[in-house]
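In case you want the letters, here they are:
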Amino acid sequence: MSTLSPEHLSALEQQGIELPSWAFGNSGTRFKVFGTPGTPRDPWEKIADAAQVNKYTALAPSVALHIPWDVVDSYSDLRRHAEDLGVELGTVNSNTFQDDDYKFGALTHEDAAIRQKAIDHHLACIDVMDATGSRDLKIWLAEGSNYPGQADLRGRQDRLQESLQQIYARLGDDQRLVLEYKFFEPAFYHTDVPDWGTSYAQVSSLGHKAMVCLDTGHHAPGTNIEFIVMQLLRLGKLGSFDFNSRFYADDDLIVGAADPFQLFRILFEVVRGGGLNNPDVAFMLDQCHNVEDKIPGQIRSVLNVQEMTARALLVDRDALTAAQKSGDVLAANAVFMDAFYTDVRPALAEWRESRGLAGDPMAAYAASGYQQQIAAERVGGVQAGWGA
Ligand code: LRH
Ligand code: MN
Ligand code: MN
């Protein structure tokens, strides 16, 4: 059986997965948002909770913000608060999906004044990034139409490019823009950035500081996501991942929960394409915990990514290449599956202990008393953002 080599462990030690601040707020569906005892009441408490995930896993060194969900008076104070807790502030996510003005679009809107308002929101997000020290501005647009004929598809692409150019022009030398695609929802007929090709076309004409963000939950069922990962890495345009898993639509469930094999296949292409621990490729979670406790939900998530990364590293690449070159279909598949079926959990637990971490971070968190403490201390936790 394959074992994790010192090189594998060193790659795993460098791995960092950014947590979304909104994973710590209450969330739900359009039917009901269930409250969880101990839910953070503000961005400060969300960051404190995110720091717990890093404390038990050493895997989650940064937290993404969503504006305006995480608006505070002083972002430099928030940055200091995060650093005091051993984490950094990461990607800033814009939000143009909760304002009546954006009913028919934001960066694509027919009305120049509304487009300008949406552009200004992104410029304000870049101001936040300047204060937090964040590198990435993540843009996901809830724009599209519900009925054939409702919108001028071509005109909207042109306006999108013009708006993005204005935002791009404001980025600092070390800052980036990542454009996230999603095939449907909230619009049901067409979406302005529905797929990786559209995102790629839009960011390519902006320049080298603009990249594609791949959210694993944003594809039609049956899509070969690892192929997209391979292609974007090949083109040098995979800027970031939003990891989560789904059974039906954009379910935002714990990554690796629905289809661990898919996560393995994606991470294999990341390793194969040089995307692991590559600063150009940010690993983030984009999840909501509707019915489970949020901090252990995030601990479970980053451990799932770590476990599948370890398995992807275990693929015997020389044997795989030899089998592929000789056309030995079954041998190639067997090499791949051997790695996938290897249970790395005992080896990872032992390795964690050797680094002074708990072998079982889920159990260590549960035993820490933090969950009971926040449940007692915090009354009136906020929603993740939806319906807030
Ligand atoms: C859209 C999305 C995007 C948003 C987040 C809350 O579905 O994936 O990344 O910012 O959810
Ligand atoms: Mn996302
Ligand atoms: Mn989503």
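Our structure's up above, just so we're on the same page.
What counts as what
Residues numbered from 1 in each chain as written. Chains lettered and ligands numbered in written order. Predicted model: local features only at pLDDT ≥ 70, side-chain atom pairs only at ≥ 80, totals over all residues. Axes fitted to C-alpha atoms, helices over the stretch in contact; angles between N-to-C directions. Helix = DSSP H or I, 4+ residues; strand = E, 2+ residues; numbered from the N terminus. Parallel < 35°, antiparallel > 145°, perpendicular 65-115°, else oblique. Left-handed = near helix turned anticlockwise from the far one by under 90°. Contact = placed C-beta atoms within 7 Å. Nonpolar A, V, L, I, M, F, W, Y, C, P; charged D, E, K, R; others polar. Pairing = 2+ DSSP bridges. Near = placed C-beta within 6 Å. Buried ≥ 20, exposed ≤ 12 C-beta atoms within 10 Å, placed from the backbone. Right-handed = clockwise from strand over helix to strand, strands pointing away. Core = buried A, V, L, I, M, F, W, Y, C linked by C-beta atoms within 7 Å.

(A) Layout of the packing of helix α8 (residues 260–272) against helix α9 (residues 294–313). Two elements in contact, α8 and α9, have axes separated by 8 Å at closest approach and are oriented at 60°. It follows from the interaxial angle that α8 and α9 lie oblique. Remark: the crossing between α8 and α9 carries right-handed chirality. Mapping the contact onto sequence places Pro 260, Leu 263, Phe 264, Leu 267, Phe 268 and Val 271 in α8 and Asn 304, Met 308, Thr 309, Arg 311, Ala 312 and Leu 313 in α9. Residue composition of the contact of α8 with α9, grouped by class: nine nonpolar, two polar and one charged.

(B) Region of interest: the sheet that holds strand β4 (residues 136–140). Spatially, β1-β2-β3-β4-β6-β8-β9-β10 is the arrangement adopted by the eight strands of the open sheet, whose pairing is parallel. The open sheet terminates on both sides in strands that have one partner only, identified here as β1 (19–20) and β10 (282–285). Bridge analysis of strand β9 (residues 238–243) against β10 gives four bridges, and the strand direction is parallel. Residue pairing for β10: Ser 240 is matched across the bridge by Ala 282.

(C) View of the site of ligand 1. Taken together, Asn 93, Trp 140, Glu 180, Lys 182, Asp 215, Asp 242, Asp 250 and Asp 286 make up all the residues around ligand 1. The residue makeup of the shell around ligand 1, split by class, is one nonpolar, one polar and six charged.

(D) Local environment of unusual backbone geometry. Cis rather than trans, the peptide bond between Ile 67 and Pro 68 has omega equal to 20°. Mapped onto the secondary structure, Pro 68 falls in the loop between β2 (62–66) and α3 (75–84). Residue Pro 186 follows Glu 185 across a cis peptide bond; omega there is 5°. Tracing the chain through its elements places Pro 186 in the loop between β6 (176–180) and β7 (190–191).

(E) Structural context of the pairing of β4. Taking burial as the measure, the five residues of β4 include five buried ones, the bulk of the element. Burial along β4 is two-sided: Asp 136, Lys 138 and Trp 140 facing one way and Leu 137 and Ile 139 facing the other are all buried. What joins strand β3 (residues 88–93) to β4 is helix α4 (residues 112–132), and the crossover it makes is right-handed. In this structure, β4 lies alongside β6, joined through five bridges in parallel fashion. Bridge assignment links Asp 136 to a residue of β6, and that residue is Arg 176.

(F) How the structure looks around the nonpolar core. Ala 50, Leu 179, Val 212 and Leu 214 are the most contacted members of the largest nonpolar core, which has 93 residues in total. Each residue touching Val 212, except ones within four places of it in the same chain, is listed here: Val 178, Leu 179, Trp 196, Ser 199, Tyr 200, Val 203, Leu 232, Lys 237, Leu 238 and Gly 239.

(G) Summary view of the packing of α9 against helix α13 (residues 361–368). Following both chains from N to C, one finds α9 and α13 inclined at 165°, their axes separated by 10 Å at the closest point. Looking at the two axes, α9 sits roughly antiparallel to α13. The handedness of the crossing between α9 and α13 comes out as right-handed. On α13, the residues that touch Ile 295, Pro 296, Ile 299, Arg 300 and Leu 303 of α9 are Pro 361, Met 362, Tyr 365 and Ala 366. Partitioning the contact of α9 with α13 into residue classes produces eight nonpolar, no polar and one charged.

This is a description of form; function is not addressed.
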